[in-house]
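# Observations on the three-dimensional arrangement
These are the residues of each chain, in order.
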Amino acid sequence: MVRSLFAPHVQRFVEVVLRQGKTGVSSGTLSITSSKSGAPFHEQRPFDRFKLIIPYGGQSLTWEVIFDGEHEEHPPDFIFDDTEFLPNIEDVHSLCEWTPRDTSCLLRSVHELLDLYRKKTASQLKDFSRLQFEYSSLIHQADLTESDVEVFFNRKENLGEDSAVLLITFQTTEGVKIIPQLYLSPRVEQSLGETSALRIPSFPNGGCLMDYVPIVTELLTRKVDQIVKGFMKRKEYIASFLSVFGRSLIEYDAESFSQITFLLEYKHFFFLFSSFLPHNFPQEKPSFIFQSVYHASLGQPYTSTCTNYPYSPRWSGSEMAERARSFILEYIPSFQWNSVTNKC
C-alpha cells in the first residue's frame, strides 16, 4: 500500500530495491523509510523521494534518494549521511547512463556508490597505522578482496537506529548505592534536546526497579509528547504564514518547520522577512528577521532582528500570522528609514 503512494516511474525502482536489494559482506537487505513528496505540503502529489537504509560494516548508512517527480527521464540525486563522501559522478556509470525503463538502474547505482564508499573509507586507514596494518594483512595474506572488507568510521553524523537505554548500576550487592544513567542514540538525543535536559531523577533510597523504571518511562513519554505537539504547532504556524503571505514565499523548512522566508513589499520598498522558530516553540517566541535588499552594513545586507513583539503561546497559528502581519506594517517604516541611514 505504501509503495503505491510513489509516482509511477519511482515505484518501479522502489519495487526492485525492496525485492532484490541485498548488499554488503552480510548480504543485508536494503530498506526504505521517510517516503514523501518534494512538493509543498499543501499540495497532494505522489512520493518522489525517500531514505534508503543500507546495512554496512555492522551498522547502517542512510542515503536520501531524490527523484524529479515530474520528469521521469532524470536520474535521482543522492544525499549521503557522510558529508565527506563526494563521489565523482563519472564513476557511477548507472547514473551517467540512466535508462528510465530499466528498473534495475537505481539498484545498480546504489551498488556502484557503495563500492566507491568502501574504497573511500578504506583509504582513510592510512592515518591509523595499526588499522592500516590489520586491513593490509587481511587483503594480502588472507586471500580476501577489497569488497570482502567493510571499513566503518563511527561518527555522530551517522545517527543509526533510535534507542533509549536505562543503565542501572548497583555498586554493592546490597543496593546501598545505586546509580541510574540514561543513554540515548544520537538522533533521539538531538530530538529530545540532549540527555541532560531530561534530568532523570536519582534512584530513591530504599526504592526498587519496578517503581523506578516506570517513572523514567513516563518522563520519556511526556518528553516525546511535548516534542510531537511542538512539531505539530510549528507545522500549523508555517501553514498559517503560507496562507497569509504565500504568494511572496522564498523558502521554508518543509521537514522540521523551523523557518520560513518571504520577499515582501511596502510602498515600493522590498525586503526579506524571515521567522525562525526555536526548539521549544510555542513556549518561546520565534525571531523575526528583516533584511533590506538594497542596503548593506559592514559588507552584509542591512538586517534587524526582532523578538519584542506581541505574542502568546496560546494563540492559534492563524492568529500568530495575523498578529505578525500587523507588527510588520507597524515596524517596516522605521526599518526602512534605518536601512537607508545606516547604509555603507
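Before reading on, note that the structure itself is shown above.
Here's what I pulled together on the structure shown here. (Residues numbered from 1 in each chain as written. Predicted model: local features only at pLDDT ≥ 70, side-chain atom pairs only at ≥ 80, totals over all residues. Heavy atoms only, no water.)

## Remarks on the environment of arginine 130
Position of arginine 130 among the secondary structure elements: in helix H4 (residues 129-141). Through-space distance from the C-alpha of arginine 130 to that of threonine 99 is 44 Å; in sequence the pair is 31 residues apart. (Helix = DSSP H or I, 4+ residues; strand = E, 2+ residues; numbered from the N terminus.)

## Quick look at the packing of helix H6 (residues 209-245) against helix H7 (residues 317-341)
Contact pair H6 / H7: the axes reach a minimum separation of 8 Å and the direction vectors enclose 50 degrees. With respect to their mutual orientation, H6 and H7 come out oblique. Taken as a pair, H6 and H7 cross one another with a handedness that is right-handed. Two secondary-structure elements touch here, H6 through Lys233, Glu236, Tyr237, Ser240, Phe241, Val244 and Phe245 and H7 through Gly317, Ser318, Met320, Ala321, Glu322, Ala324, Arg325 and Ile328. Broken down by class, the residue content of the contact of H6 with H7 amounts to eight nonpolar, three polar and four charged. (Axes fitted to C-alpha atoms, helices over the stretch in contact; angles between N-to-C directions. Parallel < 35°, antiparallel > 145°, perpendicular 65-115°, else oblique. Left-handed = near helix turned anticlockwise from the far one by under 90°. Contact = heavy atoms within 4.5 Å. Nonpolar A, V, L, I, M, F, W, Y, C, P; charged D, E, K, R; others polar.)

## Some thoughts on the side chain of arginine 234
Relative to the helices and strands, arginine 234 is located in helix H6. Lacking a salt bridge, the buried arginine 234 has aspartate 253 as its closest oppositely charged neighbour, with an N-O distance of 6.9 Å. Setting aside chain neighbours within four positions, we find arginine 234 in contact with Ser256, Phe257, Leu277, Pro278, His279 and Phe281. (Buried < 20%, exposed > 50% of the residue type's maximum accessible area, 1.4 Å probe, protein only. Lys, Arg positive; Asp, Glu negative; His and termini not counted. Salt bridge = Lys/Arg side-chain N within 4 Å of Asp/Glu carboxyl O.)

## Structural notes on the state of the cysteines
Taken as a whole and assessed by the stated rule, the structure comprises zero disulfides. Cysteine cysteine 96 is unpaired, with the sulfur of cysteine 105 as its nearest cysteine sulfur at 11 Å. (Disulfide = S-S within 2.5 Å.)

## Things to note about a nonpolar patch on the surface
There is a patch of nonpolar side chains on the surface, built from Ile250, Leu263, Phe270, Val293 and Tyr294 and spanning about 440 Å² of accessible area. By secondary structure assignment, the location of valine 293 is in strand S12 (residues 287-297). (Patch = residues over 30% accessible without salt bridge, like charges linked within 9 Å, V, L, I, M, F, W, Y side chains within 5 Å. Areas by Shrake-Rupley, 256 points an atom, 1.4 Å probe, with all protein chains shown as cover.)

## Concerning the pattern of salt bridges
Going through the model one piece at a time under the given rule, you end up with 13 salt bridges. Residue glutamate 72 pairs with arginine 12 through a salt bridge whose shortest N-O separation is 3.5 Å. On the criterion of sequence distance, the pair formed by glutamate 72 in the loop between strand S5 (59-66) and strand S6 (77-80) and arginine 12 in helix H1 (residues 8-20) is long-range, its members being 60 residues apart. In this structure, arginine 101 and glutamate 72 form a salt bridge, with 3.6 Å as the shortest nitrogen-oxygen distance. Taken together, the residues arginine 101 in the loop between helix H2 (93-96) and helix H3 (105-123) and glutamate 72 in the loop between S5 and S6 connect sequence positions 29 residues apart. On the basis of relative accessible area, arginine 101 is assigned to the exposed category, the value being 63%. Its relative accessible area of 30% is what places glutamate 72 among the partly exposed residues.

## Here's the deal with H7
For H7, built from 25 residues, the straight-helix expectation of 36 Å at 1.5 Å per residue is met to within 8% by its first-to-last C-alpha distance of 35 Å. Approximately 40 degrees is the largest bend angle found in H7, and it occurs at tyrosine 331, with the proline proline 333 only one to four residues beyond. Buried residues of H7: Gly317, Met320, Ala321, Ala324, Phe327, Ile328, Tyr331, Ile332, Phe335 and Ser339, and no others. (Expected span 1.5 Å × (residues − 1). Bend = angle between axes of the 7 residues up to and from the residue.)

## Some thoughts on the pairing of strand S8 (residues 178-184)
Covered by surrounding structure in S8 are Ile178, Pro180, Leu182 and Leu184 only, the residues Ile179, Gln181 and Tyr183 on the alternate face being uncovered. Looking at chain direction, strand S7 (residues 164-170) and S8 are connected through seven bridges and run antiparallel. Across the sheet, alanine 164 pairs through a bridge with leucine 184, a residue of S8. (Pairing = 2+ DSSP bridges.)

## Examining unusual backbone geometry
Here the bond from phenylalanine 281 into proline 282 is cis, since omega is 10 degrees, no more than 30 degrees from zero. Within the secondary structure, proline 282 sits in the loop between strand S11 (269-276) and S12. Of note in this structure, histidine 268 is not a glycine but carries a positive phi near 70 degrees. Tracing the backbone through its elements, the reader meets histidine 268 in the loop between strand S10 (259-266) and S11. Owing to a relative accessible area of 70%, histidine 268 belongs among the exposed residues under this scheme.

What is shown is where atoms sit, not what they do.
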